[in-house]
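Examining the three-dimensional arrangement
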Amino acid sequence: MSKSYIFANEEETLKHLRSRRESIVNLLDTLNNRLDKYPNGTLRLDKNRGVIQYYHLTHKHDSNGVYIPRKDDALAARLAQKDYDLKLIRALDTQLKAIDRFLKDFDPNAATDVYEKLSDPRKMLVMPAILSDDEFIEQWQSEFY
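Residues numbered from 1 in each chain as written. Predicted model: local features only at pLDDT ≥ 70, side-chain atom pairs only at ≥ 80, totals over all residues. Heavy atoms only, no water.

Looking only at helices and strands, the protein features 5 helices and 3 strands. Reading the protein from its N terminus to its C terminus gives the helix and strand order α-β-β-β-α-α-α-α. With the C-alpha coordinates of the protein rotated into their principal frame, the extents come out at 80 × 35 × 30 Å. In the protein, the proportion of contacts linking residues at least 24 apart, taken out of those at least 6 apart, comes to 52%. As displayed, the protein offers around 11,300 Å² of accessible surface, 54% of which is attributable to carbon and sulfur atoms. Each charge class in the protein was averaged separately, 23 positive and 24 negative side chains, and the resulting centres sit 14 Å apart. (Helix = DSSP H or I, 4+ residues; strand = E, 2+ residues; numbered from the N terminus. Contact = heavy atoms within 4.5 Å. Areas by Shrake-Rupley, 256 points an atom, 1.4 Å probe, with all protein chains shown as cover. Lys, Arg positive; Asp, Glu negative; His and termini not counted. Charge placed at Lys NZ, Arg CZ, Asp CG, Glu CD.)

This part is about the pairing of strand β1 (residues 42-48). In this sheet, strand β2 (residues 51-57) lies alongside β1 in antiparallel orientation, the contact comprising 7 bridges. Bridge pairing in β2 places L45 opposite Y54. What sits between the antiparallel neighbours β1 and β2 is a turn of 2 residues, in which R49 has the positive phi angle 55°. (Pairing = 2+ DSSP bridges.)

With that settled, the discussion passes to the packing of aromatic side chains. Evaluated as defined, the whole model comprises 2 aromatic pairs. Ring geometry for Y55 against Y67: centres 5.7 Å apart, planes inclined by 65°, an arrangement best described as edge-to-face. On the criterion of sequence distance, the pair formed by Y55 in strand β2 and Y67 in strand β3 (residues 66-68) is long-range, its members being 12 residues apart. Where F102 meets F106, the ring centres are 5.0 Å apart and the plane angle is 20°; that geometry is what we call stacked. (Phe/Tyr/Trp six-rings, centres within 6.5 Å; stacked < 30°, edge-to-face > 60°.)

Structural measurements only, silent on function.
Below, the structure written as structure tokens:
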């Protein structure tokens, strides 16, 4: 694998992660702003004689809720959307934390630093898998074309 291929992929990966992070932050802002516009409570679905029925739960300890008639399907839809948005926010928060952790910990020079930190006598005995910038330039210039 050539040096330029390795570093091009690292830069591309970092660029992609930063772009993905920005998209996640923007989507989280949108979702969090929408939460205030939803009705209080949650939705419970129940199947009765093959028909799905909706119930609006407004208290923590209420496991039954108030029946939502078909004419109020819009309420059920808004409660379902709220539930989805909350789950999506949790998933996106997890992704955002993982990306931030990776960007904080990732060192693009870690592989070349392993060789660079060797003593000179040890370097003479070792064939590096990844060349430093100076070694790559020297090797490239020494090749006959």
